Amino acid sequence: MGSYISDPPHPQLYLETPCIPSPELSRIAGCNIYLKLENLQPSGSFKSRGIGHLMSQAFLKSGSSLLGSQPHFYCSSGGNAGLACAEAARTLRQPCDVFVTSLTPSHVVSKLTTLGATAHRVGNSWPEADAACREAMKASPCGVYVPPFDHPLLWEGHATLVDELATLEKKGLLLGSGSFDAIVCNVGGGGLLNGVMEGIERNYGISRGLGRRPVVLALETEGTDSLAASIKAREHVTIPAITSIATSLGAPRVSEMTYQWAQNCDVPITAPAHVGGIRGGERTRLVSAVVSDAEAVSACVKFLDDARMLVEIACGATISSAYKAKSLLRPALAPNLDNESWAKLNVVLVVCGGSNISTDMLAVYRAQFQGSHMEDLSVVC
């Protein structure tokens, strides 16, 4: 459910979420792991930030009140963006149509309907659903297109996540180094990553008062790794097909802005010159890595036991970095840092949430990948 601020025409469509230390994951990773709980957003994922911000701006621009019916929102989605759109539209009391793929779980489609959205299943991939969404919107004189990841207002909304981390850091309550040294998130089309990078620039840029920028580790699964493919090719490429079960990451091509951020990925992964920290200097250090579906599933299973939270496989890609700290997190962030300095680092995992999961689905995935080799992790840059 969305929440409201005191001024009625300006509803608040996303929440400030907790960022909590995880003793269990910290023990496993050997450094201080913090969990930014975006799974507590009204829609169940971080998508509420950017989509809520975009829809709020469109709503105010239309001159509507909460009792009006001006904008008609149209969203294409693998599931989570659609749920964020439907939740925000319900709070705004405006109609919305959501176009998902045939791969979107039935329980997600049911949630969309419960929230009052008109759900459409189209094609086997997001580009097919998106084309149908854009075509349908043309018939609506008040239609507002809500993209799932590629729009500056989305990134501006997602960047509030880093605003909250910066505010927490200023309070001086963090462990170890006293600052957030790294932020780990996943990458589909790149909306979340763009927001994280934008948020770092506006909170940790030159003359911002918070010192050096945190390193960013961006995770994808094999079969959704459009960012990693672009970095390897040294050009903005489209992968031929989505073959991962992490369908929420299923954008065959990242946004142009994501690729622009990734062009800074030429910075080598080396230990920092200063002891006790890894944060970058005049520009943010971005690292890309790819994990297998099996590793993402394993992380979801372990996280359910350790944190008592059920998250979808896309989120498991992020969380796997802590469970595979020796082969992924530490080599990606600071391979040459000594143990004592590593133990002082504060690393934030963005628990992005997501509704493309259930206990039954996780049980099926666990059985599917039982006995799979779990060590095939690759760091791209």
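This is a predicted model, so every value here is computed, not measured.

Asks: Hey, could you go over the sheet that holds strand S8 (residues 143-146) for me, with residue numbers and the actual values?
Replies: Taking strand neighbours across the sheet as the criterion, the 4 strands line up as S7-S6-S5-S8 in an open arrangement whose pairing is parallel. One side of each edge strand has no neighbouring strand; the edge strands of this open sheet are strand S7 (118-121) and S8. Recorded for the sheet is a direction-independent mean angle of 20° between the axes of neighbouring strands. Strand direction decides the pairing type here: strand S5 (residues 72-76) and S8, joined by 4 bridges, are parallel. What sits directly across from His-72, in S8, is Gly-143.

Asks: Kindly report on the packing of aromatic side chains, identifying the contributing residues and their values.
Replies: Going through the model one piece at a time under the given rule, you end up with 2 aromatic pairs. Plain terms: the ring middles of Tyr-34 and Phe-180 are 5.5 Å apart, the flat faces sit at 90° to each other, and that makes the pair edge-to-face. Residue Tyr-34 is found in strand S4 (residues 32-37), and its partner Phe-180 is found in the loop between helix H7 (160-170) and strand S9 (182-186); the two are separated by 146 residues along the sequence. Each member of the pair Tyr-34 and Phe-180 is classed as buried. On the numbers, 5.2 Å between centres and 50° between planes, the contact of Trp-126 with Phe-149 is tilted. Within this pair, whereas Trp-126 is found in helix H5 (residues 126-137), its partner Phe-149 is found in the loop between S8 and helix H6 (152-158), the two being separated by 23 residues in sequence.

Asks: Which residues make up the environment of Asn-339, and what are the values?
Replies: Position of Asn-339 among the secondary structure elements: in helix H14 (residues 339-343). Put simply, Asn-339 and Cys-31 are 308 residues apart on the chain and 9.1 Å apart in space, counted from C-alpha to C-alpha.

Asks: I'd like a rundown of the environment of Cys-96, residues and numbers included.
Replies: Structurally, Cys-96 is set in strand S6 (residues 96-100). Residue Cys-96 is classed as buried on the basis of its relative accessible area of 3%. Distance in space between the C-alpha atoms of Cys-96 and Ala-117 is 5.3 Å, their sequence separation being 21 residues. Those residues within four positions of Cys-96 in sequence are excluded, and the remaining contacts are His-72, Phe-73, Cys-85, Ala-86, Ala-89, Ala-117 and Thr-118.

Asks: I'd like a description of the confidence of the model for the chain, backed by residues and values.
Replies: Residues at a pLDDT of 70 or more form 87% of the chain, whose mean pLDDT is 87. Counting contacts from residues 64-68, a segment whose pLDDT is below 50, to residues more than four positions away or on other chains yields 15 contacts. Across residues 373-381 the pLDDT falls below 50, and counting only partners more than four positions away or on other chains, this stretch makes 37 contacts in the model.

Asks: Before we move on, could you go through the pattern of salt bridges and cite the residues and values that matter?
Replies: As enumerated under the stated definition, the model contains 10 salt bridges in all. Between Glu-38 and Arg-49 there is a salt bridge; the shortest N-O distance is 2.7 Å. Of the two residues, Glu-38 is situated in the loop between S4 and helix H2 (47-62) and Arg-49 in helix H2; the sequence distance between them amounts to 11 residues. The exposure class of Arg-49 is buried, given its relative accessible area of 1%. Across the salt bridge formed by Arg-49 and Glu-164, the nearest N and O atoms sit 2.8 Å from each other. In this pair, Arg-49 sits in helix H2 while Glu-164 sits in helix H7, placing the two residues 115 residues apart along the sequence. Across this residue pair, the class does not change: Arg-49 and Glu-164 are buried.

Asks: Which residues make up the packing of H7 against helix H8 (residues 191-204), and what values do they have?
Replies: Where H7 contacts H8, the two axes come as close as 7 Å, and the packing angle between them is 40°. Taken together, the axes of H7 and H8 lie oblique to each other. Here H7 and H8 pass one another in a crossing that is right-handed. Counted together, Thr-160, Leu-161, Val-162, Asp-163, Leu-165, Ala-166 and Glu-169 of H7 and Leu-192, Gly-195, Val-196, Gly-199, Ile-200, Arg-202, Asn-203 and Tyr-204 of H8 form the full contact between these two elements. Of the residues that constitute the contact of H7 with H8, the class distribution is 8 nonpolar, 4 polar and 3 charged.

Asks: Can you explain the environment of Gly-199? Please cite residues and give values.
Replies: Mapped onto the secondary structure, Gly-199 falls in helix H8. C-alpha of Gly-199 to C-alpha of Ala-159: the two residues are 40 residues apart in sequence and 4.3 Å apart in space.

Asks: Lay out the packing of helix H11 (residues 293-307) against helix H12 (residues 313-323) with the relevant residues and their values.
Replies: At their nearest, the axes of H11 and H12 sit 7 Å apart, and the two run at 80° to each other. With respect to their mutual orientation, H11 and H12 come out roughly perpendicular. Judged by residue contacts, Glu-295, Ala-296, Val-297, Ala-299, Cys-300, Lys-302, Phe-303 and Asp-306 of H11 engage Ile-313, Gly-316, Ala-317, Ile-319, Ser-320 and Tyr-323 from H12. Taken together, the residues of the contact of H11 with H12 break down into 9 nonpolar, 2 polar and 3 charged.

Asks: Outline unusual backbone geometry, listing residues and values.
Replies: It is generally the case that most residues other than glycine have a negative phi and that most peptide bonds are trans. Despite not being glycine, Arg-93 shows a phi value in the positive range, around 60°. Structurally, Arg-93 can be placed in the loop between helix H3 (80-92) and S6. Residues other than glycine seldom take positive phi values, yet Arg-234 does so here, at roughly 60°. Counting through the fold element by element, Arg-234 comes out in the loop between helix H9 (226-233) and helix H10 (256-262).

Definitions and cut-offs
- Residues numbered from 1 in each chain as written.
- Predicted model: local features only at pLDDT ≥ 70, side-chain atom pairs only at ≥ 80, totals over all residues.
- Heavy atoms only, no water.
- Pairing = 2+ DSSP bridges.
- Helix = DSSP H or I, 4+ residues; strand = E, 2+ residues; numbered from the N terminus.
- Axes fitted to C-alpha atoms, helices over the stretch in contact; angles between N-to-C directions.
- Phe/Tyr/Trp six-rings, centres within 6.5 Å; stacked < 30°, edge-to-face > 60°.
- Buried < 20%, exposed > 50% of the residue type's maximum accessible area, 1.4 Å probe, protein only.
- Contact = heavy atoms within 4.5 Å.
- pLDDT = per-residue confidence, 0-100.
- Salt bridge = Lys/Arg side-chain N within 4 Å of Asp/Glu carboxyl O.
- Parallel < 35°, antiparallel > 145°, perpendicular 65-115°, else oblique.
- Left-handed = near helix turned anticlockwise from the far one by under 90°.
- Nonpolar A, V, L, I, M, F, W, Y, C, P; charged D, E, K, R; others polar.

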